Amino acid sequence: MMKIINVKLSHCEYDIFINDSGFNFEAIQSKLINRKIAIISNDVVAPLYLDSVQSELSPFNSEIFSHILPDGEQFKNQDSWLSILDFLAENNFNRSDLLISLGGGVICDMTGFAAASWMRGIDFIQVPTSLLAQVDASVGGKTGINHLKGKNLIGAFHQPKAVIINTSTLTTLPNREFKSGLGEAIKYGFINQPNFIQWMDANSYGIKQLDLALISELISQCCQFKTEIVQQDEKESGIRALLNLGHTFGHAIETITQYKQYSHGEAVAIGMVMAAELSVILNLSNKNLRKELENHLQDFNLQTKLSKKIEASSLVELMRLDKKVINRKHRLILMKSIGKAFIQKNVCEEKILKAITQCQ
Ligand code: NAD
Ligand code: GLY
């Protein structure tokens, strides 16, 4: 059965469609007709799903192009983004045409950014195929690429016209990437949804066994949680920053290891533990917080510590480039307890160093 979640913002609205088989493009056919379509994918996902997406689109459109990028976070960069723009130029794409992402969060973010920047903004539709992209990256309009100096430093807010989630694509997702998506899902529970943590605990066996009915419920709850926050604060002037729980640490971990050692979800899980440790160090939460959080992550086989020591000062240096930093002062997402995250301004570096050191 298809689930639909509506995202309503001041200047636009769109639906997230969650299907358990097929892409069901009929639901958005009016957005597909009379325009060229470019599907942007990568060399891992395209061999698996490009043919089915093209054939499901074909009743609505015959001008379908595809552009395939190399797979991996290390290719979420200016070269890949420019190659999409070159492709659009070569094929005379104009403002009335459409991009469709087909892949994980990397492809969703890059396709969105190409759509935001081509001719100052064209339409795009997200078709996320990883769990992480289905619970988070495809929703809310943050698009972008990495800079050599840090993750997601280049980008734009640009909302999709629809999000099409086909949960059956998860059957080919490697287990490590599935766990990584669970890391971002658990994040919502730690931010402001303690009941969701209980729900995940109660259903952990089925979730880990990829029971698609449960996974579809998990995805729809996460999309709902994210939608509620994005609707209140689309451009992150306040509450949306909570969605960055664990990310300031996580992004620094990913950057310093050149995206080779930790997936995004793995780095965020470790980052959430560091945020918990820091909350305890600053006497802003109860002493059990870190342990409680680690237990939940471990239940889903997520790593809670760095596997190799990283110099804490090098991580802090990268954290200075975080988008939440204001006037050179660290602004971090911390927790009072599970489900009670908050924004803490002016966090002193000495305490951050201590938290990182105690999580190795
Ligand atoms: P990813 O896109 O690299 O996908 C992980 C791996 O799984 C890749 O090798 C990918 O090709 C493969 N894959 C994807 N779907 C598959 C499938 N169905 N079958 C087989 N293989 C498949 O990484 P990710 O974890 O999906 O996303 C992480 C990215 O998302 C990061 O760049 C992060 O910054 C971004 N992100 C963005 C937002 C946002 O709001 N824009 C939110 C969270 C994360
Ligand atoms: N993933 C963080 C955000 O969308 O704001």
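This section reports on the structure supplied with the text.

## Points about the pairing of strand β10 (residues 330-337)
Item 1. Extensive coverage of β10 is indicated by the burial of six of its eight residues.
Item 2. Between β10 and strand β11 (residues 340-347), which pair antiparallel one after the other, the connecting turn spans two residues, and Gly339 there sits at a positive phi close to 95°.

## Quick look at the packing of helix α5 (residues 175-192) against helix α6 (residues 194-202)
Item 1. At a minimum axis separation of 6 Å, α5 and α6 run at an interaxial angle of 135°. Overall, the two elements α5 and α6 adopt an arrangement that is oblique. Where α5 abuts α6, its residues Leu182, Ala185, Ile186, Gly189, Phe190 and Asn192 lie against Pro194, Phe196, Ile197 and Met200.
Item 2. Per-class residue counts for the contact of α5 with α6 are eight nonpolar, two polar and no charged.

## Focus: the pattern of salt bridges
Item 1. Overall, the coordinates contain 15 salt bridges when judged by the stated rule.
Item 2. With its nearest N and O atoms 2.7 Å apart, the salt bridge here joins Lys151 to Glu73. With Lys151 in strand β8 (residues 150-157) and Glu73 in the loop between β4 (64-69) and α2 (78-90), this residue pair connects regions lying 78 residues apart in the sequence.
Item 3. The network of salt bridges with shared partners includes Asp136, Glu184, Lys187 and Lys226.

## A closer look at the packing of aromatic side chains
Item 1. Under the definition given, this model contains six aromatic pairs.
Item 2. Taking the centre distance of 5.4 Å and the plane angle of 75° together, the rings of Phe65 and Phe93 count as edge-to-face. Here the residue Phe65 occupies a position in strand β4, and Phe93 occupies one in the loop between α2 and β5 (98-103), the gap between them amounting to 28 residues.
Item 3. Overall, Phe93 belongs to the buried group, its relative accessible area being 1%.
Item 4. Where Phe196 meets Trp199, the ring centres are 5.8 Å apart and the plane angle is 10°; that geometry is what we call stacked. Taken together, the residues span about one helical turn, with Phe196 and Trp199 both in helix α6 at a distance of three residues.
Item 5. We classify Phe196 as buried; its relative accessible area is 1%.
Item 6. Seen from the ring of Tyr188, Lys187 lies directly overhead, with NZ or CZ sitting 5.2 Å from the centre.
Item 7. It is Lys336 that lies over the ring of Phe342; its NZ or CZ is 4.6 Å from the centre.

The rules behind each value
Residues numbered from 1 in each chain as written. Chains lettered and ligands numbered in written order. Predicted model: local features only at pLDDT ≥ 70, side-chain atom pairs only at ≥ 80, totals over all residues. Heavy atoms only, no water. Buried < 20%, exposed > 50% of the residue type's maximum accessible area, 1.4 Å probe, protein only. Helix = DSSP H or I, 4+ residues; strand = E, 2+ residues; numbered from the N terminus. Pairing = 2+ DSSP bridges. Axes fitted to C-alpha atoms, helices over the stretch in contact; angles between N-to-C directions. Parallel < 35°, antiparallel > 145°, perpendicular 65-115°, else oblique. Contact = heavy atoms within 4.5 Å. Nonpolar A, V, L, I, M, F, W, Y, C, P; charged D, E, K, R; others polar. Salt bridge = Lys/Arg side-chain N within 4 Å of Asp/Glu carboxyl O. Phe/Tyr/Trp six-rings, centres within 6.5 Å; stacked < 30°, edge-to-face > 60°. Lys NZ or Arg CZ within 6 Å of the ring centre and 35° of its normal.

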